[in-house]
Amino acid sequence: MKILLLVFTVVLIGFGGNCFAYTPVAPNISGKVLNSADSGYKKISLKNIKNKIVILNFWATWCPPCRAEIPTLNDFYSSHKKDVLILGVNMNETSYGVSSFLKNYDVAYPIVMGNLIEAEEYGGLGMIPQTFFIVDDRIVFHWSGELNKGILKAVTDKIISIKN
């Protein structure tokens, strides 16, 4: 019931054409974390994350909007670690260069390599970045395109208020 209320509330917020709200089960994403020293995670599995809002962000190093949203995601993650886990899923074809890219951008949240099968499980990625907000193993909000601080804050605050 609370998830349905969230869906209707988020839809009423009216973020425009980039916003989708639904509640299918979130497919698992797992893997070795590429920036383990900075994020504190060595290996991660989405199905093992409990009691946090997971912000699952599909991105690539060659994508300008993806690179542009990294500082926003870093700042948001640093100030919301109690309630939120941001998990970046890099969609480069290989991990070559991704690790050095992460150091240059000081990415603090965990990053794993993604693959086409995982992307397909999330509905296929016609474009990146794509971000899914997940609560209790359910996708409650989906944003297509670059995230900004206002979207992150509004959606997260609404989820927290409904969960409490």
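Residues numbered from 1 in each chain as written. Predicted model: local features only at pLDDT ≥ 70, side-chain atom pairs only at ≥ 80, totals over all residues. Heavy atoms only, no water.

- Going by the annotation in an unreviewed UniProt entry, the name recorded for the protein chain is TlpA family protein disulfide reductase, with Candidatus Acidulodesulfobacterium acidiphilum given as the source organism.

**Focus on the overall build of the protein chain**
Part 1 of the argument: If you tally the helices and strands in the protein chain, you get six helices and eight strands.
Part 2 of the argument: Considering the protein chain as a whole, with its 164 residues, one finds that 48% of them fall into the buried category.
Part 3 of the argument: Intrachain contacts of the protein chain at a sequence separation of at least 6 include 72% that bridge at least 24 residues.
Part 4 of the argument: Accessible surface, the protein chain as shown: approximately 8,300 Å² in total, 55% of it carbon and sulfur. (Helix = DSSP H or I, 4+ residues; strand = E, 2+ residues; numbered from the N terminus. Buried < 20%, exposed > 50% of the residue type's maximum accessible area, 1.4 Å probe, protein only. Contact = heavy atoms within 4.5 Å. Areas by Shrake-Rupley, 256 points an atom, 1.4 Å probe, with all protein chains shown as cover.)

**Points about the pattern of salt bridges**
Part 1 of the argument: Following the criterion strictly, the structure yields two salt bridges and no others.
Part 2 of the argument: Of the charged contacts, one joins Lys50 and Asp137 as a salt bridge, the two residues approaching to 3.3 Å between their closest N and O atoms. Taken together, the residues span a long stretch of sequence, with Lys50 in the loop between strand S3 (43-45) and strand S4 (53-59) and Asp137 in the loop between strand S7 (130-135) and strand S8 (138-144) at a distance of 87 residues. (Salt bridge = Lys/Arg side-chain N within 4 Å of Asp/Glu carboxyl O.)

**Concerning the environment of Thr61**
Part 1 of the argument: Locating Thr61 in the fold gives a position in the loop between S4 and helix H3 (64-80).
Part 2 of the argument: With relative accessibility at 16%, the residue Thr61 sits in the buried group.
Part 3 of the argument: C-alpha of Thr61 to C-alpha of Met91: the two residues are 30 residues apart in sequence and 8.3 Å apart in space.
Part 4 of the argument: Beyond its immediate chain neighbours, meaning those up to four positions away, Thr61 contacts Arg67, Asn90, Asn92, Val98 and Phe101.

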